[in-house]
Amino acid sequence: MTGAHLDELRREVRGFVADQLAAGAFTPLIDSWLCGWDESFTASLAKQGWLGMTVPVHYGGHGRSFQERFVVTEELLAAGAPVAAHWIADRQIVPSLLKYGTEEQKSEFLPRIVAGECFFGIGMSEPDSGSDLASVRTRAVRVDGGWSITGTKVWTSGAHRAHAFIVLARTEPVDPSHRHAGLSQFIVDLRAPGVQVRPIISMNGGHHFNEVVLDEVFVPDAMVFGEIGHGWTQVTSELSFERSGPERFLSTFPLLARALENTSDDPELGRLVARVAGLHHMSTAVAGALERGENPDVPAAVVKVLGTTVEGDIADYADRQNGDDAATEAEWAHLVATAVDQRPGFTLRGGTNEVLRGVIARGLGLR
């Protein structure tokens, strides 16, 4: 993939975004990949061929590279475009299906994801578990023709709108000497009998997260995801996609871009720009590693720790610039207020930065 080709693609995406803004199709958002659920905008991206870009053509995709997908997603995030509806499906479910899915699962879900017609959530976190995924208590019990799943998942983004989610559950009793064993994954229909989606309303009134209660939910054998007992290996490979993308350093980029329009000689602002530029190169390198089939878990953790830290620092900078001036431009003030509200979650979601520093230390042989 040549640099000239990627530059041309970047110009194409920027032109599309400019046209969408001029048409009033969206207003730039903070945390647009979490908060900006807009199925019409998702449909417009699908028409451009910018969903499921890495999906092979025979599954309805476009057979393009991870670098091309990176360019598209980076430009959309930088613009604060509303990409939440398809984000998890496109970022995480697509590569997981290609790696672990059965032919039936690929044929059923991939074409619909590419068309912007199928949305997914992730069922990993649980109450009282924090970032310790090995402590999950959701259980899957073998029954005739499939599995019966009972348990609770929490912080499930978009579950009130998504069609399905991939659930991590215990299929064997806990082995204290090997807590990561006995875990499996399942594709669960969020509208199936026994599934209850309970909203988690943020302090600012936003509804992005949910608690999902599973009460003896039947999942047919055809919806077992990957191999029974291999859930931990599968989950950890998925997390590289979740932790390393440009959403880990661009959630507050619309603020940075707006600040740069107003000043160019602030040293603090310059340092923030330099940090984002460095993260762009780091995240691009991880995208290349993923395309080569490597498992860049440590580099992905580094991107997530550094990226979410700079996102918060941009929010803090903008908040200081905002001050108490009643004449502050309304759109800017709204962006700043949203960034401040969302800031506490930056270093928590996708694994807390404290836990990820442990991942990095182990990867470097320091513990």
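Procedures and definitions
Residues numbered from 1 in each chain as written. Predicted model: local features only at pLDDT ≥ 70, side-chain atom pairs only at ≥ 80, totals over all residues. Heavy atoms only, no water. Helix = DSSP H or I, 4+ residues; strand = E, 2+ residues; numbered from the N terminus. Rg over C-alpha atoms; globule rule 2.2 N^0.38 Å. Buried < 20%, exposed > 50% of the residue type's maximum accessible area, 1.4 Å probe, protein only. Contact = heavy atoms within 4.5 Å. Areas by Shrake-Rupley, 256 points an atom, 1.4 Å probe, with all protein chains shown as cover. Lys, Arg positive; Asp, Glu negative; His and termini not counted. Charge placed at Lys NZ, Arg CZ, Asp CG, Glu CD. Core = buried A, V, L, I, M, F, W, Y, C linked by side-chain atoms within 4.5 Å. Axes fitted to C-alpha atoms, helices over the stretch in contact; angles between N-to-C directions. Parallel < 35°, antiparallel > 145°, perpendicular 65-115°, else oblique. Left-handed = near helix turned anticlockwise from the far one by under 90°. Salt bridge = Lys/Arg side-chain N within 4 Å of Asp/Glu carboxyl O.

### What about the overall build of the protein chain?
Okay, step 1: When its secondary structure is counted, the protein chain shows 12 helices and eight strands.
Okay, step 2: Scaling as 2.2 N^0.38, a compact globule of 367 residues should have a C-alpha radius of gyration of about 21 Å, and the protein chain matches this with 20 Å.
Okay, step 3: Dimensions along the principal axes, computed over C-alpha positions, put the protein chain at roughly 65 × 40 × 40 Å.
Okay, step 4: Scored against the burial criterion, the 367 residues of the protein chain give a buried share of 53%.
Okay, step 5: Considering only contacts in the protein chain between residues 6 or more positions apart, those separated by 24 or more positions represent 74%.
Okay, step 6: Here the protein chain has roughly 15900 Å² of accessible surface; of this, 53% comes from carbon and sulfur atoms.
Okay, step 7: Side chains of the protein chain carry 32 positive and 47 negative charges; the gap between the two charge centres is 4 Å.

### Some points on the side chain of Thr 156
Okay, step 1: Residue position: Thr 156 is located in the loop between strand S3 (146-153) and strand S4 (164-170).
Okay, step 2: On the accessibility criterion, Thr 156 (0% relative accessible area) is buried.
Okay, step 3: Other than its neighbours up to four places away in sequence, Thr 156 contacts Ile 122, Phe 165, His 208, Phe 209, Asn 210 and Val 212.

### Quick look at unusual backbone geometry
A negative phi holds for most residues other than glycine; trans holds for most peptide bonds.
Okay, step 1: Phi at Asp 31 is positive, roughly 60 degrees, even though this residue is not glycine.
Okay, step 2: Tracing the backbone shows Asp 31 in the loop between helix H1 (3-22) and helix H2 (32-35).
Okay, step 3: Residue classification places Asp 31 among the buried residues on the basis of a relative accessible area of 0%.
Okay, step 4: Not every positive phi belongs to a glycine, and Glu 216 is a case in point at roughly 50 degrees.
Okay, step 5: Looking at the element boundaries, Glu 216 is found in strand S7 (residues 207-220).

### Re the nonpolar core
Okay, step 1: If you look at the biggest cluster of nonpolar residues, it comprises 49 residues, and the most contacted ones within it are Ile 113, Phe 120, Phe 186, Ile 187, Val 188 and Leu 214.
Okay, step 2: Ignoring anything within four residues of it in the chain, the contact list for Val 188 reads Ile 149, His 163, Ala 164, Phe 165, Val 167, Val 195, Leu 214, Val 217 and Val 219.
Okay, step 3: Core analysis: the second largest hydrophobic core is formed by 40 residues, Trp 50, Leu 255, Val 276 and Ala 315 among them.

### Concerning the packing of helix H5 (residues 84-100) against helix H6 (residues 103-114)
Okay, step 1: Between H5 and H6, the shortest axis-to-axis distance is 10 Å and the interhelical angle comes to 155 degrees. Between H5 and H6, the interaxial angle falls into the category roughly antiparallel. Here the hand of the crossing between H5 and H6 comes out left-handed. Contacts from Ala 89, Asp 90, Ile 93, Val 94, Leu 97 and Leu 98 of H5 reach H6 at Gln 105, Lys 106, Phe 109, Leu 110 and Ile 113.

### A word on the pattern of salt bridges
Okay, step 1: Using the criterion set out here, one finds 21 salt bridges in the structure.
Okay, step 2: Between Glu 8 and Arg 11 there is a salt bridge, with the nearest N and O atoms lying 2.9 Å from each other. Remark: Arg 11 and Glu 8 occur in helix H1; sequence separation between them is three residues, near one turn of the helix.
Okay, step 3: Its relative accessible area of 42% is what places Glu 8 among the partly exposed residues.
Okay, step 4: A salt bridge links Arg 343 to Asp 313; the shortest N-O distance between them is 3.8 Å. With a gap of 30 residues between them, Arg 343 in helix H11 (residues 330-346) and Asp 313 in helix H10 (residues 297-322) connect regions that are remote in the sequence.

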